[in-house]
Amino acid sequence: MKKIVIFLVVMLFSSVFSFADEQPKSANSETQASSTGWPRASFIMHAGFIDIGLGAKIRFSQENGVYMTADLRYQIFQQYQYIRIPALFYFGGNNLHVIVGFTVLNAVDAPTASGEVAAGLNFDIGRHFGIDALAFAPVGSADNGPSLMLDFRYAF
């Protein structure tokens, strides 16, 4: 299990570096991208009441309207400990977003664990700070219940 987690983290970072190095094809899109000040890809750290994490943010729109995050999260919730890698998609304007996603990897110390789906809201404060309110709900039969999180995020 530890080798799989290390492999996934290395793949995450290498894909972020390669995606961030891509240059726009036309001069017009290059001018627009540089004038907005929003980087194509960046790293994020977040912490909340019950979890901490580190990951990557990949922007799909011209500014901050649509982007995806993938991160490694460590969480202690009730009597269970989680290590999860969620893929979360943010849809909205520059500041307020609706979040939907799923877990790519979910390692929990519960007797039976399953995949999870995620939903929530996000409010970005400028280019670097954000607040996420998330709910991860197990799919199928699992001993662990839903996870509710409030995270403060920093993008760098």
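Cut-off values and rules
- Residues numbered from 1 in each chain as written.
- Predicted model: local features only at pLDDT ≥ 70, side-chain atom pairs only at ≥ 80, totals over all residues.
- Heavy atoms only, no water.
- Core = buried A, V, L, I, M, F, W, Y, C linked by side-chain atoms within 4.5 Å.
- Buried < 20%, exposed > 50% of the residue type's maximum accessible area, 1.4 Å probe, protein only.
- Helix = DSSP H or I, 4+ residues; strand = E, 2+ residues; numbered from the N terminus.
- Contact = heavy atoms within 4.5 Å.
- Pairing = 2+ DSSP bridges.

Student: I keep staring at the nonpolar core and nothing clicks. Help me out?
Tutor: In globular proteins that are soluble, nonpolar side chains generally tend to be buried together. Counting nine residues, the largest nonpolar core consists of Ile-50, Tyr-67, Leu-88, Tyr-90, Ile-99, Ala-118, Leu-134, Phe-136 and Met-149. Every element with two or more residues in this core is listed here: strand E4 (80-92) and strand E7 (129-138). The contact partners of Tyr-90, leaving out residues within four places of it in the chain, are Gly-65, Val-66, Tyr-67, Thr-69, His-97, Val-98, Ile-99, Asn-122, Asp-132 and Arg-153.

Student: Explain the pairing of strand E8 (residues 147-155) here, please?
Tutor: Every regular strand shows the same layout, with side chains that alternate between the two sheet faces. Side chains Ser-147, Met-149, Asp-151, Arg-153 and Ala-155 project from E8 onto a buried face, and the interleaved Leu-148, Leu-150, Phe-152 and Tyr-154 project onto a face without burial. Here strand E1 (residues 41-48) runs beside E8; their pairing, made up of five bridges, is antiparallel. Opposite Ala-47, over in E8, you have Phe-152 as the bridge partner. Sheet analysis places E7 next to E8, joined by eight bridges and oriented antiparallel. Each residue of the ladder has a partner; that of Ile-131, found in E8, is Phe-152.

Student: Quick question: what am I supposed to make of the environment of Gln-81 here?
Tutor: If you trace the backbone, Gln-81 turns up in strand E4. When the C-alpha atoms of Gln-81 and Asp-51 are compared, they prove to be 9.8 Å apart, with 30 residues separating the residues in sequence.

Student: How should I be thinking about the pairing of strand E6 (residues 116-125) in this particular structure?
Tutor: Residues Glu-116, Ala-118, Gly-120, Asn-122 and Asp-124 line the buried face of E6, whereas the alternating positions Val-117, Ala-119, Leu-121, Phe-123 and Ile-125 sit on a face that is not buried. The pairing of strand E5 (residues 96-108) with E6 spans seven bridges and is classified as antiparallel. Counterpart to Ile-99 in the pairing with E6 is Gly-120. Turn length for the E6-E7 hairpin, with the two strands adjacent in sequence and antiparallel, is three residues, and the turn residue Gly-126 shows positive phi of about 75 degrees.

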